[in-house]
Amino acid sequence: MDAFLNKINHAFDYAIRSNYAIFDSEAKIKQRIRTAKNVCIYGAGGFFEGYHGYLERFDYVCDSNKNKWGTLIFGKKCISIDEMLKLEDLVVIIMLGNYQDTLKWLQEQQVEHYLFTEVFLNVYTEKKDSVWFEIERKEAIRALNMFEDNTSKETFTEIICNRIAPMYAEKTFHELENSNEYFNSGIFKCSDNETFIDAGAYNGDSTEAFIKNVGQRFKKIWAFELDEKNYKDMCKNLLPYKKTGDIELLNMGVSDFNDEIPYISEETGSRAVQTSSNVAKVCKLDDVIQEQQVTFIKMDIEGFELSALKGAINIINENQPKLVISAYHRLEDLWKVPLYIKGINERYKVYLRHHSPMVWDTDCYAV
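This one's a predicted model, so the numbers in the text were calculated from it and none came from an experiment.

### Things to note about the packing of aromatic side chains
Scanning the entire structure with this criterion turns up 28 aromatic pairs. With a centroid separation of 5.7 Å and an interplanar angle of 65 degrees, the aromatic rings of Phe48 and Phe74 are classed as edge-to-face. Taken together, the residues span a long stretch of sequence, with Phe48 in helix α3 (residues 46-51) and Phe74 in the loop between β3 (72-73) and β4 (76-79) at a distance of 26 residues. Relative accessible area serves as the criterion here: at 0%, Phe48 is assigned to the buried category. Look at Tyr54 and Phe120: their rings are 6.4 Å apart centre to centre, the planes differ by 70 degrees, and that puts the pair in the edge-to-face class.

### Let's talk about the layout of surface pockets
Where empty space is left becomes clear once a probe the size of a water molecule has been rolled over the atoms. Each pocket or cavity is described by its volume, and for the second largest pocket that value is around 440 Å³. Residue lining of the second largest pocket: 27 residues in total, with Tyr99, Leu115, Glu118, Asn162 and Pro166 positioned closest to the centre. Listing elements by their share of the lining of the second largest pocket, those giving two or more residues are α2 (21-35), α6 (116-119) and α9 (173-176). Considering every element that reaches the lining of the second largest pocket, the biggest residue donor is α2, with four residues.

### Some words on the nonpolar core
Generally speaking, soluble globular proteins have nonpolar side chains that are buried together. Within the largest apolar cluster, 85 residues are counted, with the highest numbers of intra-cluster contacts made by Phe156, Ile160, Ile164, Phe224, Trp335 and Ile341. The leading source of residues in this core is helix α7 (residues 130-146), at seven residues. Other than its neighbours up to four places away in sequence, Ile164 contacts Ala11, Phe12, Tyr14, Ala15, Tyr20, Ile22, Phe133 and Leu331. With 23 residues, the next largest nonpolar core counts Phe183, Val214, Ile221 and Met234 among its residues.

### Notes on the pattern of salt bridges
A complete count under the given rule lists 25 salt bridges for this structure. For Glu134, the salt bridge goes to Arg137, with nearest N and O atoms at 3.5 Å. Here Glu134 and its partner Arg137 are both found in helix α7, three residues apart, which amounts to about one turn of the helix. With a shortest N-O distance of 3.8 Å, Asp192 and Arg217 are connected by a salt bridge. Of the two residues, Asp192 sits in the loop between α9 and β7 (195-199) while Arg217 sits in the loop between α10 (205-213) and β8 (220-224), which places them 25 residues apart along the sequence. What makes Asp192 partly exposed here is its relative accessible area of 46%. Taking relative accessible area as the criterion, Arg217 reaches 48% and is therefore assigned partly exposed.

### Notes on the sheet that holds β7
Strand order in this open sheet of seven strands is β9-β8-β7-β14-β15-β17-β16, and the pairing throughout is mixed. For this open sheet the edge positions go to β9 (247-250) and β16 (350-354), each flanked by a neighbour on one side alone. Going across the sheet, the axis of each strand differs from the next one's by a mean of 15 degrees, ignoring polarity. As judged from the four bridges shared by strand β14 (residues 296-299) and strand β15 (residues 322-326), these two strands associate in the parallel manner. Residue Phe296 lies in a different strand from β15, and its bridge partner there is Lys322. Together, β16 and β17 (362-366) form the strand contacts of helix α8 (residues 150-164), whose direction differs from that of β16 by roughly 55 degrees. Lying over the sheet, helix α15 (residues 333-344) contacts β15, β16 and β17, oriented at roughly 10 degrees with respect to β17.

Reading guide: rules and limits
Residues numbered from 1 in each chain as written. Predicted model: local features only at pLDDT ≥ 70, side-chain atom pairs only at ≥ 80, totals over all residues. Heavy atoms only, no water. Phe/Tyr/Trp six-rings, centres within 6.5 Å; stacked < 30°, edge-to-face > 60°. Helix = DSSP H or I, 4+ residues; strand = E, 2+ residues; numbered from the N terminus. Buried < 20%, exposed > 50% of the residue type's maximum accessible area, 1.4 Å probe, protein only. 1 Å grid on protein atoms, 1.4 Å probe; cavity = no way out; pocket = protein on both sides within 12 Å on 5 of 7 lines; lining within 4 Å. Points joined across faces, edges and corners; volume = space filled by probe spheres on them. Core = buried A, V, L, I, M, F, W, Y, C linked by side-chain atoms within 4.5 Å. Contact = heavy atoms within 4.5 Å. Salt bridge = Lys/Arg side-chain N within 4 Å of Asp/Glu carboxyl O. Pairing = 2+ DSSP bridges. Axes fitted to C-alpha atoms, helices over the stretch in contact; angles between N-to-C directions.

Structure follows, in structure tokens:
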């Protein structure tokens, strides 16, 4: 525990001392990608396939696998290493889980390069000052002390270091990655009589994963999706499962109030912004579900998890459902989400797991 505590203190000290320098670095990197004459992604494997679409631009792909050279990958030419090194005004974006050797090699070649994780590090976090970090340090340490296992404490500590003070991180996001998100984490098992709430259901992929996990045996599902297009896709994708059980699909988001909000749609996620002309309903889960039993809640709602938990406080108090809550959209979610859950009912045991090779998909599990 002392080692974790010391690392967290070092990370917060650096964030304060540097005026949260890593936050500003992301904006500078994105601007450099916009203005460089040539942008080449290095690494054409699963990481690239899963996440390249989030980049504003790239011109080429390069990979150590010679069989890929000369081919088109997602519409971009895969060039050889020699071809890449000859490009003028070049920026290389590394898209590898295990990137250390490539990073060292590019440094030796004096090629300007960035990790993909550096391009998307803050998610929706805003710039924080030293006063904020001093206050939140105490909360982060309080959360560290309440996690149930060393894996959670290590994940929590390393994620914080990666996000605010990478020089103190001993493991990368990829090294912390656990592929079994939501239903196969090993923290708890699903029964064949679950009543499941999927908040932030997107196109129904996580609901479908739940249905398959329980062998299509469940009591009730409520799937909430704010965005109209994603909602229509969800209805289509989940139609084959409607006959297997009671599935209610709702075109609305979840929060701690009932109203309409402006929002923007960003591919896999939708979030509230005051300037958008798109409008959608949000609701309190307590008001929609009312007296019905709930055994499992999953939330991934683009940084509004704390608000949604407040709107489900009666359900959580009365039913004590299993919880999987996204805790990465804002830096402070890493500790505020588990602290809030523990505050609702101190009998909850809380855990933390990370599920991607980058900053996304750090989840708080509670049972």
